[in-house]
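# Structure assessment
Spelled out from the first residue to the last, the chains are:
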Amino acid sequence: MSNRIVNILVPAISIIVGLVVGAVVMLVSGYDPVQGYTALWNGIFGDSYSIGNTIRQITPYILAGLAVAFAFRTGLFNIGVEGQLLMGWLAAAWVGYAVELPRVIHLPLAIIAAAVAGGLWALLVGFLKARLNVHEVISSIMLNYTALYITNAIIKSLSDGGFKTETVLPTATLRAQWLRDMTDNSSLHLGILVALAMVLVMWFLLEKTTRGYELKAVGFNQNAAEYAGMSVKKNIILAMTISGMFAGLAGAMEALGTFQNASIKAGFTGVGFDGIAVALLGANTPLGVVFGATLFGSLKYGALNMPNEAGIPEEIVSIIIALIIFFVACGYVIRLLLEKFGSKKEGN
């Protein structure tokens, strides 16, 4: 059995097993799994409104997943996607309402501001790693809390003691009336196009450029990369910065598309942390991240219909997601079983 087929089968089997075990959990909890999954399906694909909102939910997951996956591919573990997302969210919202420019300039500027803010916040992690050998897991996860409280303080200051910034101007919004008309006035916006464009950007950067080769080489073996004349410290900082830019763009999707502002938050959004699971499920590949984000976004939004239609609490879907992550984490065992099955089949 080829390695490519195994790479496809491992996450597919993990998802199926997770759904099956999830059905068992529903049965044990006294709920009908058929009704539960039917309600979940209807919540995702029941009508154009549901489909539009599902795609909107998927959008930030793609970018958060790309942020984590890019760091993984370059030998780093970016746990700070949540904080970088919050920084990008605030930057996009501020540029979105504080600056008056034509739409053709204003919208790209707000999106770029989010990417820069997320990248600069991640650059701190890369600098600490490269210059002071501070492990990126420790520094990035601590900076999540720093970002949460800093953004809350700035928002409170910008809103004169209020809880949210002004609404972004029409020239900076990702919303499009034709998308709302197409999906029965859902919250679908143009951000999905930005997210898919970033998928191509990550693929091109890592697979088709010299810089991408260097970033992967440093992540794979720092000593060999340094011996070959590559700047290890420079590439570590650059890799973390690019990862943070993807995360910042995820924040822009929320600021310019879904919410149209930045508000004070009592806690984390969870999107950045879910990006870790999305990247894991997608095997840290750009296309895999799209599929992982589609699964997570669909389950998250479809879960909202389960209490209404089937009387099943949303927490059941959280259990299903956790089970899927668990079986993906056990992918090595599944891979061994598939390879053993494939070799036995070839032997016969």
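Residues numbered from 1 in each chain as written. Predicted model: local features only at pLDDT ≥ 70, side-chain atom pairs only at ≥ 80, totals over all residues. Heavy atoms only, no water.

Assigned secondary structure in the chain consists of 16 helices and zero strands. Rg of the C-alpha trace for the chain: 21 Å, near the compact-globule value of 20 Å for 348 residues, within the 12% margin. The dimensions of the chain, computed from C-alpha atoms along their principal axes, are 70 × 60 × 35 Å. Accessible surface, the chain: about 16300 Å² in total, of which carbon and sulfur atoms supply 66%. Counting 21 positive and 19 negative side-chain charges, the chain places the averaged centre of each group 10 Å from the other. (Helix = DSSP H or I, 4+ residues; strand = E, 2+ residues; numbered from the N terminus. Rg over C-alpha atoms; globule rule 2.2 N^0.38 Å. Areas by Shrake-Rupley, 256 points an atom, 1.4 Å probe, with all protein chains shown as cover. Lys, Arg positive; Asp, Glu negative; His and termini not counted. Charge placed at Lys NZ, Arg CZ, Asp CG, Glu CD.)

Here we take up the packing of aromatic side chains. Two descriptors summarise a pair of aromatic rings, namely the distance from one centre to the other and the angle between the planes of the rings. A full pass over the atoms with the stated rule returns six aromatic pairs. Between Y145 and F268, the ring centres sit 5.1 Å apart and the planes meet at 70 degrees, which makes this aromatic pair edge-to-face. You can see Y145 sitting in helix α6 (residues 136-158) and its partner F268 sitting in the loop between α11 (232-258) and α12 (271-281), a full 123 residues away along the chain. Connected via pairs of aromatic rings, a cluster forms that spans Y145, F268 and F273. (Phe/Tyr/Trp six-rings, centres within 6.5 Å; stacked < 30°, edge-to-face > 60°.)

Take the UniProt feature "transmembrane region" (unreviewed entry) in the chain next. Following the UniProt record, the feature "transmembrane region" (unreviewed entry) maps to residues 7-31, 51-72, 79-99, 105-128, 188-206, 236-259, 271-296 and 316-338 here. Structurally, residues 105-128 is divided into 100% helix and 0% strand, and its ends, taken at the C-alpha atoms, are 35 Å apart. (UniProt positions renumbered as here; feature names shortened; annotations may be inferred.)

Turning our attention to the nonpolar core. The biggest cluster of nonpolar side chains holds 98 residues, and the ones touching the most others in it are I62, L63, L66, F70, F246 and L256. If one sorts the elements of this core by residue count, α11 sits on top with 14 residues. Those residues in contact with F70, other than ones at most four positions away along the chain, are M202, L205, L206, L215, A239, I242, S243 and F246. (Core = buried A, V, L, I, M, F, W, Y, C linked by side-chain atoms within 4.5 Å. Buried < 20%, exposed > 50% of the residue type's maximum accessible area, 1.4 Å probe, protein only. Contact = heavy atoms within 4.5 Å.)

A few words now on helix α13 (residues 286-302). Taking 1.5 Å as the rise per residue, α13 with 17 residues should run 24 Å; its terminal C-alpha atoms sit 24 Å apart, in good agreement. With 13 of 17 residues buried, α13 lies mostly within the body of the structure. (Expected span 1.5 Å × (residues − 1).)

This part covers the packing of helix α4 (residues 81-98) against α6. The interhelical angle for the contact between α4 and α6, taken along N-to-C directions, is 20 degrees, at an axis separation of 7 Å. Our classification of the angle between α4 and α6 gives roughly parallel. In this structure, the crossing between α4 and α6 has a hand that is left-handed. Taken together, the residues of α6 that come into contact with α4 (itself represented by V81, E82, G83, L86, M87, L90, W94 and Y97) are N144, A147, L148, I150, T151, I154, I155 and L158. For the contact of α4 with α6, the per-class residue count stands at twelve nonpolar, three polar and one charged. (Axes fitted to C-alpha atoms, helices over the stretch in contact; angles between N-to-C directions. Parallel < 35°, antiparallel > 145°, perpendicular 65-115°, else oblique. Left-handed = near helix turned anticlockwise from the far one by under 90°. Nonpolar A, V, L, I, M, F, W, Y, C, P; charged D, E, K, R; others polar.)

Often the size quoted for an interface is simply the accessible area lost on bringing the parts together. Domain annotation of the chain identifies domain 1 (1-31 + 314-347) and domain 2 (47-311). Of note, the centres of domain 1 and domain 2, computed from C-alpha atoms alone, are 28 Å apart. Across the contact, ten residues belong to domain 1 and twelve residues belong to domain 2. The largest share of the area that domain 1 buries against domain 2 comes from E314, V317 and I321, three residues that together contribute 44% of it. Viewed at the interface, domain 2 and domain 1 are joined by zero salt bridges. For the pair domain 1 and domain 2, the interface holds zero residue pairs in polar contact (both at pLDDT 80 or more). Counting only elements with at least two residues in the side of domain 1 that touches domain 2, the list comes to α1 (3-28) and α15 (315-329). Here the side of domain 1 that touches domain 2 takes five residues from α15, the largest share from any one element. Of the residues that constitute the side of domain 1 that touches domain 2, the class distribution is nine nonpolar, no polar and one charged. (Domains from an automatic or database assignment. Buried area = accessible area lost by both parts, 1.4 Å probe. Salt bridge = Lys/Arg side-chain N within 4 Å of Asp/Glu carboxyl O. Polar contact = N/O pair within 3.5 Å; in protein donor to acceptor, adjacent residues only side chain to side chain.)

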